[in-house]
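Coordinate inspection notes
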Amino acid sequence: GQTSLKSPQDLQVYVVNTNFTLRWNYTGNDTNVTFSAEYQLLEDSKTDDAEWKELPGCQNVTLRECDFSSAITKYYDRHHVRIRAERREEVSPWSSIFEMIPYFIAQIGPPGVELQSTNGIIKIKVSPPEANQARQMWIAHLRFKYNLVIWENSSNAEFRSQIIFPTDIIDDLAPETVYCLKVQATLPLDSLEGLFSPIHCVKTTRKVNDLFCATNVSVLALNMKFHLHWNNQYKHHVSYNVQYLIGYLKKLHDDYSGKWQNVPGCENITETQCNFSSIITTASGFYYLRVQAVNGYNKTCLSNDLKIDPLITNEIGPPGVKLDISDVLLHIQISPPGGSENEAMREHYGLSYRVLYWKNSLDNEEELKMKEIKQTIGTVSDLTPSTLYCVKVQAFSEAYNKSSHFSNEECIKTPGDKTLPLIILATFVIALIAVLLVATPVIFALYQAYNKIKYVFFPSCQPPLNIEGFGGQLFSPYISATEEPIENCCIIETIITEEVNQIGFTNYEHSKQSSRDSGNYSNDDDTSGSKVSEETLGNEIV
C-alpha cells in the first residue's frame, strides 16, 4: 500500500468563456508518470459527500495541464476537483481539493472584429465573445461594453482609447495612414474585463469633401425644447432631411443602417435649423441625429452622427417670479422653468430654487441674502416698513449638476409703519374719555343749578288771584327758595258764614298760614276757583 509517488501540487483552473483548463505542478523525478483527475458536482451547497467522477479530458495525461470543457455544464454550481499521479499500478495520494464556481472565476474572451476603410473613416463591426457558440457563459450580450484602443502604426505612436458600439465608425483619422487597433469586451456591472482581441491593422483613405454637406451640427435645448443647427458652405440650391435613430438600436449587434427615420417637419427644408422636440418621447432614453444634404443633382451627403441625451443635453431656463406682500411677510411665488405643463422638468430634474433678495435703497448698501427652497412658494420675514425689496430666483438640479440663469429682478415696496397712527388714535381715545369723565359731573352740576335758578325766579305756575291782590311785598318773606316746584295747585275753599263782620286780622293771619302749609294745589278748575276766591276776598275785606 505504500508508494513513492508524490501528489501533484498547486492546482489551478483557468476559465475563458466556457473553456476550462486544469493546470498543476509535480515535483517528483519519476519517469513514465501520468495524471488523472476527478470532479465532484455539489448542486446542494450543504452536501460535501457527492459522488466523485472521472474528469473527461484529464485521464492518463502526460502534460501538466488538460482541457475538461466538455465536463462542465452548470456554471453557477459549486465544483470540487482533485488529481493524482499514476505509474502502472502505483498511484499517489490525491492532491488537495480545488473548489470553484465557474461563473465567478471565468474570464471574458476576446470579441470578433471586422474592419472597413472608406472615405477617410474606419467602419468597425464587433461580435460578442461567444458568438455562434452552442454553450455560452455570458448570456446577456446586450450588457457588453466594448473598449477600443487604436494607434498609428509608427515608432512614436500615441494610444487612444474609446468606447464603441458593436457597429460604429472611427473618424478624426489622418488620411492614407496605417492604424492598428484591438478591442476588449467588458461587463461594467460585474466589474469584469475581458481579453483583448488580436491586433488588426488597416490603412485609411482620403476623405472626399463635398461642399454641400452639413457641417458643425449642434443642438440648442432649453426647457426640453430641442433645436438642431448646422452650417452650409454650398452656394447653390441644397435641401436637407434631418434623421434620427433611437439610441438602443446602436447597442444591438444587428445592422441599424436601415432604421433611421426622418424628423417630422424637417424634411426637404432649406433652412439650417430644425425643431425636433416632437421625437423626444421619453426623457430617460437617448437619440442620434444626423443631417442628410441633397444637392440639385440628387447627390446625398450625411453628416456625422450626434448623440442626444435629453436630460443632459437640455439646459434649464430661468424661472418666473411673482411677489406679494403682507404686514410682516414677503411672499414669493415661483413658476417652474418651462411652465407648469412641462412634466419632464419637474419629474426628472428634482428642481430646487435659490432666492436672492435685498433692500433696494440708495442710503442702505445691504448685502444680498440668499435662501434655498424646494417648493415653488417661499416667504421672507423681518421686513423693514416703507422699503423697496427686490428678488431674483435661480433654478438648479443637484442630480444633474445643472443650474439656470437668474430670473429678472422683481421689486415690491413694504407698507408704512402703522405704530404712529395707532399711538395717535389711542391718545385721542384716552383724551376723549378723560374729557367725558371730567365734563359729565360739571354739566350735571350746571344743570342742577339751572333748575334751581329757574324754579326760584321763573316758576312754571302763577300764584292764585286772591294771593296776587296783596302784592308781592306782603308775601315775599314767606316764599322759600328751597321748596320744590309745584306744577298743580288748588285752593281749598272755606264756607263763608254770616259772621263776616266778626272776621278780623286774626282770621287773616290764619288764612295766610293755611295757604303756606298746604302741600299741593289743583288747577283743574281755574275759572270757578278764581271767581269764588275773588268773592270771598271781597267779602272778607268788607
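Going by the structure above, here's the rest.
Residues numbered from 1 in each chain as written. Predicted model: local features only at pLDDT ≥ 70, side-chain atom pairs only at ≥ 80, totals over all residues. Heavy atoms only, no water.

Another point: the nonpolar core. Formed by 51 residues in total, the largest nonpolar core has its most connected members in Leu228, Trp230, Phe276, Leu330 and Ile332. In this structure, this core is formed jointly by two domains, domain 3 (214–313) and domain 4 (319–413), each of which donates at least three residues. Residues contacting phenylalanine 276, with those up to four places away along its chain left out, are Val219, Phe226, His227, Leu228, Val263, Leu289 and Ile308. The next biggest cluster of nonpolar side chains, apart from the first, holds 47 residues, and it includes Leu55, Phe68, Ile83 and Met137. (Core = buried A, V, L, I, M, F, W, Y, C linked by side-chain atoms within 4.5 Å. Buried < 20%, exposed > 50% of the residue type's maximum accessible area, 1.4 Å probe, protein only. Domains from an automatic or database assignment. Contact = heavy atoms within 4.5 Å.)

Once that is clear, we can look at the pairing of strand E6 (residues 78–87). Taken residue by residue, a regular strand's side chains alternate between the two faces of the sheet. Summarising burial for E6: 9 of the 10 residues are buried, a large majority. Judged from the 9 bridges that link them, strand E3 (residues 34–42) and E6 form a sheet pairing that is antiparallel. Bridging from a neighbouring strand, alanine 37 pairs with isoleucine 83 of E6. One ladder, built from 3 bridges, connects E6 with strand E8 (residues 98–100); its direction is antiparallel. Note on E8: the bridge partner recorded for histidine 80 is glutamate 99. Sheet analysis places E6 next to strand E7 (residues 90–91), joined by 2 bridges and oriented antiparallel. In the strand pairing of E7, arginine 87 is matched with glutamate 90. (Helix = DSSP H or I, 4+ residues; strand = E, 2+ residues; numbered from the N terminus. Pairing = 2+ DSSP bridges.)

Our focus in this paragraph is the packing of aromatic side chains. Any pair of aromatic rings gets described here by the distance separating the centres and the angle formed by the planes. A complete count under the given rule lists 15 aromatic pairs for this structure. Among the aromatic side chains, those forming a connected cluster through ring pairs are Tyr76, Tyr103, Phe104 and Trp138. The ring of phenylalanine 286 has lysine 307 sitting right over it, with the charged end atom 4.8 Å from the ring centre. Positioned above the aromatic ring of phenylalanine 396 is the side chain of arginine 354, whose terminal nitrogen or guanidinium carbon lies 3.9 Å from the ring centre. (Phe/Tyr/Trp six-rings, centres within 6.5 Å; stacked < 30°, edge-to-face > 60°. Lys NZ or Arg CZ within 6 Å of the ring centre and 35° of its normal.)

Time to look at the sheet that holds strand E27 (residues 330–335). Read from one edge of the open sheet, 3 strands run E26-E27-E30, paired in antiparallel fashion. On the outer flanks of this sheet lie strand E26 (320–325) and strand E30 (377–380), each paired with one strand and no other. On average, each strand axis in the sheet is inclined to that of its neighbour by 25°, with strand direction left out of account. Pairing of E26 with E27 involves 6 bridges; the strand directions are antiparallel. Bridge assignment links aspartate 324 to a residue of E27, and that residue is histidine 331. (Axes fitted to C-alpha atoms, helices over the stretch in contact; angles between N-to-C directions.)

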